[in-house]
Every structure is written in C-alpha cells, then in structure tokens.
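Overview (structure and organization)
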Amino acid sequence: MGKKELTNLFSSDPNRYYKVSLFDRMGFKRQRCSSCGKFFWTLVERMLCPDHENYSFIGKPPTNKRLDYVNAWKETEEYFQFNGHSITRRYPVVCRWRDDLYFTIASIVDFQRVMGNKVVFELPANPLLVPQMCLRFNDIENVGLSGRHYTGFCMVGQICNADAPGGYWKDRCIDLDYGLLTNGLGIKPEEITFVEDVWMGAGAFGYSLEYFVCGLELGNAVFTEFEGNENNYHAMTNKIIDMGAGLERFSWITMGTPTSYDCSFGPVIGKLIDATGTFENSDILSKYFEAVSSKLDAMGGDLRALKSLIAKELKISDEQLKKMIAPYEAIYTIADHTRTLLFSISDGALPSNVGGGYNLRVILRRALSILERMGWIIKLEDVADMHTDYLKQMYPELDEHREDVRTILQIESSRYIGSRERMSAIATSIKSSKKKVTVDDLIRMYESDGITPDFLMEVGAIENIPSTFYTKLAELHTTQTASQVQKPIYGLDGLLPTRLMYYEDKSIREFTSKVLKVIENKYVILDQTAFYPRGGGQEPDSGEIDGVKVVDVIKQTDIVVHKLQDARDFVEGNTVYGMVNDRRRDLITKHHTATHVLNTSARINLGSWVWQNSAFKEENYARLDITHHSALNREEVERIEKTANNVIRQDLPVIIRLFGRGDAEQKYTFRIYQGGVVPTNNIRIVNIEGWDVEACGGTHVNKTGEIGFIKITKAERIQDGIVRLDFVAAEAAVNYIQKQENQLTAIAQSLGSSKEKVVESSQKSIDDAEAARRKIKTILRKIAPSMAKSIISEAKQLSFNGIKFYSVYDEELDDEYCIAIGEKSVEIDPSLIYIALISKSQGMRVVVFVGEKARLKIKASIIAKQISTQLGGSGGGDDRFGQGGAGGNGMIKDRIKEVLLSAEELVMKNIAG
Ligand SMILES: [Zn+2]
Ligand SMILES: [Zn+2]
C-alpha cells in the first residue's frame, strides 16, 4: 500500500479521521475536487480544490492586517502563548542530534531522536510553538525566481504530545489554527479551505489537514497516530500533533506583495534595490511576478515557457522582459542565499567541499557569481549584516555571531576570486572541446579543483546538472565511512548486557568474573568487566585474563567482547581473573580529557565555528580534528597550547553525571554532541567545570591538573575545512620533549656548538656553505676560458668542414663544473660538440652542448636522448643544450666507452646526411 491507497483508506472514513468539531460548529462542508478527486472542507461551494486555484491574494490580501515577517511571527507567538503554548527557541539549522541529516529540514526534526531504527519524540514542553529555521537544497534553481522557493525558511511548528499532560488532539489543533487565521491574521472564514491528505515519515505516519487561503497553502496539521509502515502498523501510545506552517507565507497572505520575497526579508530587498540602482517599474514587475507565483505549477514548472507567455500578455519582447526582471531575480536570490549562510555559519557550519558544507559553498559561490555577472560591488557580509539588523528582534543569537559570520564570508569570497580564473580556464576548455561532460568528470572536477557544476552551468559550459551528481557524490562519502565500521561478531544472541565496571569505579584494575561465552576460540564474553572497549575515538585497554593476553576489546550493542591471543582453555561458566594494564589506561585517560580541554581552547582562540570533527586517543599520542577554514599558523598553535595548559594549571574538577537527553540538551545546548550523536535516553555528561561540557562515554581524570602538560606536536590542514592537531599529554609529553632535546643536542654537537647557540651555529654553517659555493663559481668563471681552449685543442676533428667532437667521463667531475666549461667551449668554438658523463652516487648524469655551427647538423637534445636511452634512462633538451641521466651505477660504467662511441657515430651520420 502506498500513499495513494492510504489516502483512499483515510478518506473512506472521514468521520473517524478528518472531521473535527470546528467543521460541524461552523458548517464546513466536505466536497470532492472535480479535477483531481481530492476531498476538502469549505464554507462556500467550490468545484475545485485549492491546488488548481490561482493566487488571488496578490495585490488584494484577504485581510486588513499588514504583517511583515517579524510581525507575522510576533502575532503568531502572542496568539499561541495566550492559548497555553510554551515558546521554544529555534534549534540550530545544523542538525547535530541526527546523524542521518546535515540540516534541520522541518520543525518536527527538532524533537525527533533516532534510536536504532526507531524515531522517538523528545518535547521540551507540551504543547509548544517553535519558529524553526529550516534549510533545503533540493530546489536551488527555483530560488529567487519562482516568488516562493527558499533555501532557508522559517517553519512555525505547533507541536504537541496528545497523550501527555497539556496535550490535545485534532479538534483543538484545528480550532487553534482556525483561530490564528481568523483572529490572528484577520482572514475571512470563507477564504479558508482544509484539504484531506496523508503524511508519511520515518517509522510513523498519520492523516493531515492542509489549510489554504486564496490558493496559497499556509500550513499542514499532521496527526501522527500510527507507528510502523503502511502495511504493518499500530496506534502510538503517544500520538503527536505536528503542524508546520511557513512564516514567509503568513506574511505574504497579509501583504499581498508580488513575491513572498518582497515581504519576508524586511528592509533588505529595498536596501539592495537602492544599492544596486535597480530601476523600478513596479507595474510590470507586479504583473510578471504575480503570474509566476500563481501559474508556475500549472505550467509544470517550465519557467522559460511561462516567461514567453507573460511577455506576450504584457506586449513586450522576451528580451525586454528578461532585462527588466533579471536584477530582481538576482536581488531575491542573493537575499535568500545570504540569509541561509547567516544562519548556518552562526550555528557553526563552514562552507567546504564535503558533507553539508558542500551545499553552503554552492549557494555562496552562486551568490558571488550573480554579483559578478550583474557587475554589482556589494559584499555578502554586508548583506548578512542587514539581515541580522532586521532579524535580531526575533533571533537575538544572530547578533552574537555577527563578526564570525563576516569573517567566514570574507575568507570564502576571497577564495572564490582566487579560484575564479582557474575555474574559468577549465570552463572555456570544456566549451571549446565540445566533449560530453559525464557525471564522473563533474565529480572529478569538483573533488580535485572545487569546481561546482552550478558554476559550469552558470557560465554555459554544461546545459544542466545531471540529477545523479548529488547522489553519487553523497554515496562516495558514505562508503568511506561505511568501510570504517567493524565487522560484527556473531553468536552474541541471548546474552545479558555486560556489567561495565569501568563506569562504576574507574580505578578498578583487577577483577574476577564469570565466562558467559567463548566464540571461535578467541572471543571471550564475561558477565562483568573492567576492560574499556574501543569507542568514541578512545583505544581499548590491554591486559590479561587468566594470564592470557587481551589483544582487543570491542563493544557490540551492550555486550563487551574481549579478543584474546588464545582462548582455547576458557570454559563457559568458569570464574576468571582479569588484570587491566594500568599505565596504558592512565595515559589514554589523560589524553582523552586533554582532547576536551584542547577542543574548547581551539574554539576560544579561533572562532565559534570550531567543532570536533573526530578524535583519536592512544597511549603515547592523540589527535583532534577540528573544523576550521584555514591552516593554522605558528602563533595560533601556540595560543591554543598556552590556553590549554592554563586550564590544566587551574586544576578544574571534571564532573561526570547522567542526564535525561532532553534535560542535557536544554541545559548545555547541542555543543554537547562534539563526538557525534548519542543514541540513548540517558546521556553521560563530562563537565570540565567552567570550561567544556560534552556528552562522552570515555574515561576521564578527576581534575585537569592530572593531565600535567599538553604539547601540540603538529598542526596540519588535512582536508577542506578540517585541521588536525597531533598532541601528547602527561608522561608522553615529557618523553616527547626529551626526545626533541636529545635531537637538538646531537645537532649542536655535530655543528661543534651548544644547544643554546644551535640556531646561530646552523645559520653560520648555512652561510659558510653558501659562501663556498659562490667562491667556486667565481673560480670556475675565471678558469673556464683557459679550460675551454685546452678542450677545443684536444677535440677530435670529425670532418673537413670543421665539426669537432669532445667527450669526457670522470668520477670526480661535478655538474656545475661541466656545464660551465661546456657552455664556454661551444661559445668560443661554434663547431664544437661537448659531451660529459658525470658519475653520481645514484647513477649517471649526461650533459651535452652543441655549438652554433654544429647545430646545423645535429641537436644537443638528440645526442642527450640517445646516450641516456642507451644507459637505460631518459633525456632531452633543446638544440644547444641537452641533458639526461640513468639510475644504477655499476652496470652503466662498463658501457661508457661503447655509448660514447655510438654518440660519435650518430654525429658522423648526421654530418654525412
Ligand atoms: Zn484538485
Ligand atoms: Zn570524550
């Protein structure tokens, strides 16, 4: 059964599913659309459902209230607050609490948590209202053009658990929504239509009533009643009301502007029109956008055909119309893209080539290339500021991140300018080659050069973006993570969860336990264990069980599996004695807590966009990958290191407590998910008091002072948007420093200096070597003419017309010498051919010079190539100078004579020919 069958099923019993008390009370009648057959409820006679209706509110809104974006929210907020709803602050647009989503795509997502393959709802209040910013990148081409598509929009969420205290079900839900439309927004009841529909989500579904006014869908009230799928389901114990409505549309219906952009960006559109000097012919524009807004769907989304049609109606040419509306489309698109970037960067995301960052870079570069095309000198960071100035009354947190957003937009804009030339060159070569560009080509260009298909389409190098591009790119990155997943161990069914002694008392190093199961003579499962299994980037404990070495410890669901060197002597039911390697656990624990200290230090020193991307904690070293836009310089690394060591010296307490998930998120925000999502109800919060709070299952010290010392050993930009910090802590840091000091001492000794003076001494020996090289060059220049003369006199006369041949092989010669002498010799005697073979430790070097006159007969490159090839290597060059070489010395030496002889023959042949 699919969505259609489900709709039929629900609509076949409207009294059970769709009829609410309001319909009876107000006299709403159920009707069937004569065109598509959908059922809907209305106060006045209608043949068609609102799907087929033009937007009749443009230019004549069905209400006396005029509410801009922020005021539309204030009206809605006030109305629901008065009606007993808690107002919840928006959740981040970066969806940190779901690892199946990069971005928050709907208001209900705020409250969904995935556990195993089940979705559970986590409401911080009941009922509640949230102004949730949502990001969607599946329809970018229409944004700015259609009048109503956005990459970022506010979905007002009216959410409620029907079966919990404070909850209500469909009667009250529709009463409230109807009240908002009529009293809050001032819309006449006859204008409102409710359409019967079905909504299917992950693991749950329900029936829904979509409400429309004057052809515009304003909201959808979903009654999530069933759990499972459409073929196998049962009623939920906690039914959920999920009403989502677009705030942009609430404002639009009351303003009746040609596009919803005109009323949803506050003063931003007006400011951009002024700043760009865009000419306003509001009459034609209104007519055009009114037509686009209401007819685009009816035209099957074909914007080009629609434009032609409108041009005809307005009695102007396609070209005239295009010219008139292009600046408006540009302004709308830039306003949308910048607002989306503002929210996502504020919430800690960075534009990049991977994951969700990809979408952000795409819209950022799209906005920049539009600005370029229009020839407008406008900075995106200034547009972002305009949005913040307007939106801060609704979202005060945007103001806090104003500077961070500016920084990232500036960096990304200058990067775009830097790469633009290269991108244009590649685009031109694609256009001229006329070869068909495949999806694989596009992926390769994107991964290696950062060229987005959107850019190629923008400049006309490709006609469209293949629909498989995004999915293929996504797959590429998912398989990478999938390969890291460990292979499951079979045979654990029916075993009880292992008692985790390392959580109860982390000081336990010796324990007794009962053997529950032995698998494949190497895996042992105990009823309780003090061995910490690999997890959250923390490497497992080592040690012994009954004297047999433990080589690995893994956790599968809630069972700890010990991999032993040999478990043949283990008998199920026996008691065994375990011993955890104390030194290893101690060092890993210190490295782990050090990771938390360092992570916050990096964020404080670099910016709010710094998040842990991943981490790894071993006995002798650790690493922390953070999200950051550029490589770190020495000074930044030192600052991070200093701040971290300050925190260690402050000896802050590390407090570990369990929290309910919702409480933890509300109390500490989503910053706790540095290590990714935690799929449990009870979250273990590791709180370094006053410094860092994270949800983490690892082992930690009691106070930061125990870490002793942190030393960053390397900082490296490992991929776009990610910097890796390698570091050592505690005893491992002391070992590292000592090793460095020993190396320094050894260097100082070889320079005949002391550690204190090693920098000066090494600089002096570099200077000395440079001076010696310069001296040799001077001597060479002085002796070259006389050496050249003796070479010329020794050279063999090959023909009556004067071509001379000179070759030399010597084990003590060096390249620089031969090049200087050879060059001088052919300069003095233009008939000379000079060949030198120079023996090197790794092989043989070939140098050939041919004088100006001799060049008429043979090129230096040809001689160099023949000799090098015969020696088993390769060579080349130009007419005057050729060079080459071959590796491996022993065999080559025996062939020198023969090779030089055949070079002579080659020259002879050329003279003759
Ligand atoms: Zn219809
Ligand atoms: Zn941790």
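Below, the structure is looked at part by part. (Residues numbered from 1 in each chain as written. Chains lettered and ligands numbered in written order. Predicted model: local features only at pLDDT ≥ 70, side-chain atom pairs only at ≥ 80, totals over all residues. Heavy atoms only, no water.)

As for the sheet that holds strand β26 (residues 722–729)
As a reminder, the rule being used: Note on pairing: two strands pair once DSSP finds at least 2 bridges between them. Strands here mean DSSP runs of E at least two residues long; helices mean DSSP runs of H or I at least four residues long; both are numbered from the N terminus. Simply put, an axis is a line fit to the C-alpha atoms, just over the touching stretch for a helix, and the angle between two N-to-C directions goes from 0 to 180 degrees.
Spatially, the 4 strands line up as an open sheet ordered β20-β21-β26-β25, and their pairing is antiparallel. Two strands bound the open sheet, and with one partner strand each, they are β20 (612–617) and β25 (710–719). Across this sheet, the average inter-strand angle for adjacent strands is 15°, counted without regard to direction. Where β20 and strand β21 (residues 622–627) come together, 5 bridges link them in antiparallel fashion. Bridge pairing in β21 places Ala615 opposite Leu624.

Brief notes about helix α4 (residues 69–82)
Using the following cut-off: Expected span of a helix: the number of residues minus one, times 1.5 Å.
An ideal rise of 1.5 Å per residue puts 20 Å on 14 residues; α4 measures up with 20 Å between its terminal C-alpha atoms. Among the residues trailing α4, Gly84 stands out with phi positive, at a value near 80°.

Digging into the sheet that holds strand β30 (residues 843–850)
Within a sheet, adjacent strands bond to each other through the backbone by hydrogen bonds, running parallel or antiparallel. Rules: In this description, contact between two residues means that some pair of their heavy atoms is separated by no more than 4.5 Å.
Strand order in the open sheet formed by 6 strands is β27-β28-β29-β30-β32-β31, with mixed pairing between adjacent strands. A single partner strand is all that each edge strand has here, and the edge strands are β27 (796–797) and β31 (874–877). Sheet topology note: the β27/strand β28 (residues 804–810) ladder contains 2 bridges and is antiparallel. By the bridge assignment, Gln797 is partnered in β28 with Lys804. Across the sheet, helix α25 (residues 815–828) is in contact with β29 (832–840), β30 and β32 (881–887); its angle to β29 comes to roughly 175°.

Notes on the coordination of the zinc ion (ligand 2)
How we decide: Keep in mind that water is not among the atoms, so a site may look incomplete; donors are the N, O and S atoms within 2.8 Å of the metal, or 3.2 Å for Na, K and Ca. Between buried and exposed lies partly exposed: a residue is buried under 20% and exposed over 50% of the maximum accessible area for its type, with that area taken using a 1.4 Å probe on protein chains only.
The protein atoms donating to the zinc ion (ligand 2) are His592 (NE2), His596 (NE2) and Cys696 (SG), with metal-donor distances spanning 2.1 to 2.3 Å. In this structure His596 comes out as buried when scored by relative accessible area, which is 1%.

Some thoughts on the state of the cysteines
What counts, and what does not: When the sulfur atoms of two cysteines come within 2.5 Å, that pair is taken as a disulfide.
Within the structure shown, the criterion is met by 0 disulfides. Free of any disulfide, Cys160 has its nearest cysteine sulfur in Cys173, 7.8 Å distant. Since its relative accessible area comes to 0%, Cys160 is described here as buried.

Remarks on the coordination of the zinc ion (ligand 1)
The criterion, for reference: Labels for metal geometry use angle windows, namely 85 to 135 degrees for all angles of a four-donor tetrahedral site, and for square planar (four donors) or octahedral (six donors) sites opposite donors over 155 degrees apart plus all others within 65 to 115; sites meeting none of these are irregular.
Donor atoms from the polypeptide that coordinate the zinc ion (ligand 1) comprise Cys33 (SG), Cys36 (SG), Cys49 (SG) and His52 (NE2), at 2.0 to 2.3 Å from the metal. Each of the 4 donor atoms around the zinc ion (ligand 1) contributes to a set of angles spanning 97 to 117°, which defines the coordination as tetrahedral. All donors of the zinc ion (ligand 1) come from a single chain, and their spacing in sequence reads C-x2-C-x12-C-x2-H. With a gap of 16 residues between them, Cys36 in the loop between β1 (29–32) and β2 (39–42) and His52 in the loop between β2 and α4 connect regions that are remote in the sequence. We classify Cys36 as partly exposed; its relative accessible area is 40%.

Some words on the pattern of salt bridges
How we decide: One side-chain nitrogen of Lys or Arg within 4 Å of one carboxyl oxygen of Asp or Glu is enough to make a salt bridge.
Taken as a whole, this structure holds 56 salt bridges when the rule is applied. Across the pair Asp552 and Arg534 runs a salt bridge, and its minimum N-O distance is 3.2 Å. With Asp552 in strand β17 (residues 548–556) and Arg534 in the loop between β15 (528–529) and β16 (543–545), this residue pair connects regions lying 18 residues apart in the sequence. Among the charged side chains, a network of salt bridges with common partners joins Asp382, Asp385, Asp389, Asp399, Arg402 and Arg406.

Regarding helix α8 (residues 268–276)
Put simply, the test is: Think of the arc as the fan of directions from the helix axis to the C-beta atoms.
Within α8 the residues assigned to the buried category are Val268, Ile269, Leu272, Ile273 and Thr276. In a view along the axis of α8, the buried residues occupy a sector of 135°, so they form one face of it. Opposite the buried face of α8, by more than 90 degrees, sit the exposed residues Asp274 and Ala275. Next to the buried residues of α8 lie α7 (261–264), α11 (318–346) and α13 (380–391). Directly after α8, the chain includes Gly277, whose backbone phi takes a positive value near 65°.

Overview of the side chain of Asp692
This is how the line gets drawn: The positive count covers Lys and Arg only, the negative count covers Asp and Glu only, and His and the chain ends enter neither. Polar contacts, as used here, are pairs of N or O atoms within 3.5 Å; protein pairs need one atom able to donate a hydrogen and one able to accept it. Residues neighboring in sequence count only if both atoms are side-chain atoms.
The residue Asp692 is located in strand β24 (residues 692–695) in this model. In this structure Asp692 is buried but unpaired, with Arg603 as the nearest side chain of opposite charge at 5.1 Å. Here Thr600 takes part through its side chain, which lies 2.6 Å from a polar atom of the side chain of Asp692. Setting aside chain neighbours within four positions, we find Asp692 in contact with His596, Thr600, Val686 and Asn687.

A word on the nonpolar core
As a reminder of what qualifies: Put simply, a nonpolar core is a bunch of buried Ala, Val, Leu, Ile, Met, Phe, Trp, Tyr and Cys residues held in one set by side-chain atoms that sit within 4.5 Å of each other.
Ranked by internal contacts, the top residues of the largest apolar core, which has 196 residues, are Phe194, Leu456 and Ile710. In terms of residues, this core owes the most to one element, α11, which gives 12 residues. The residues touching Leu456, leaving out its near neighbours within four places in the chain, are Ala427, Ile430, Leu442, Met445, Ile451, Ala461 and Ile462. Phe805, Ile833, Ile892 and Leu906 belong to the second-largest nonpolar core, a separate cluster that totals 26 residues.

Observations regarding the environment of Ala221
On the secondary structure map, Ala221 appears in strand β10 (residues 216–229). Using a relative accessible area of 0% as the deciding quantity, one classes Ala221 as buried. Separated by 409 residues in the primary sequence, Ala221 and Ser630 have C-alpha atoms spaced 45 Å apart.

Section: the packing of α4 against helix α5 (residues 170–184)
Using the following cut-off: Angles are sorted into four bins: roughly parallel if under 35 degrees, roughly antiparallel if over 145, roughly perpendicular if 65 to 115, and oblique for all others. Handedness of each helix crossing follows the sense of rotation of the near helix against the far helix: counterclockwise by less than a right angle gives left-handed, clockwise gives right-handed. Polar here means any residue outside two lists: the nonpolar Ala, Val, Leu, Ile, Met, Phe, Trp, Tyr, Cys and Pro, and the charged Asp, Glu, Lys and Arg; Gly therefore counts as polar.
Put simply, α4 and α5 touch, their axes get as near as 11 Å, and they point 135° apart. What the angle tells us is that α4 and α5 run oblique. Crossing hand, α4 versus α5: right-handed. For the pair formed by α4 and α5, the contact residues are Glu75, Thr76, Tyr79 and Phe80 on the first element and Asp175, Leu176, Asp177, Gly179, Leu180 and Gly184 on the second. Each residue belonging to the contact of α4 with α5 can be placed in one class, and the counts come to 4 nonpolar, 3 polar and 3 charged.

Some points on the pairing of β24
Pairing of strand β23 (residues 682–688) with β24, which is carried by 4 bridges, proceeds in the antiparallel orientation. Looking at β24, one finds that Ile685 is bridged to Ala695. With antiparallel pairing between neighbouring strands as the criterion, β23 and β24 make up a hairpin whose turn holds 3 residues, including Gly690 at a positive phi of roughly 80°.

Remarks on unusual backbone geometry
Cis geometry marks the peptide bond from Asn126 to Pro127, where omega comes out at -10°. Of note, Pro127 is situated in the loop between β5 (118–121) and β6 (128–135).

Here's the deal with the environment of Thr224
Among the secondary structure elements, Thr224 is positioned in strand β10. Distance from Thr224 to Ala235, taken between C-alpha atoms, is 9.2 Å for residues 11 residues apart in sequence. Each residue touching Thr224, except ones within four places of it in the same chain, is listed here: Trp169, Trp199, Ala204, Phe205, Gly206, Met236, Lys239, Ile240 and Asp242.

Considering the environment of Ala644
For Ala644, the position within the fold is in helix α21 (residues 634–649). Note on Ala644: relative accessible area 0%, which makes it buried. Residues Ala644 and Ser601, spaced 43 residues apart in sequence, show a C-alpha to C-alpha distance of 5.7 Å. Residues within four places of Ala644 in sequence aside, it is in contact with Val597, Leu598, Ser601 and Ile710.

With respect to the pairing of β25
One ladder, built from 8 bridges, connects β25 with β26; its direction is antiparallel. Considered in β26, the bridge of Glu716 is made with Arg724. Linking two consecutive strands that pair antiparallel, namely β25 and β26, is a turn of 2 residues; a positive phi of about 85° is found at Gly721 within it.

Brief notes about the side chain of His149
Positionally, His149 belongs in the loop between β6 and β7 (152–161). When neighbours within four sequence positions are excluded, His149 is seen to be in contact with Asp139, Asn142, Val143, Gly144 and Tyr261.

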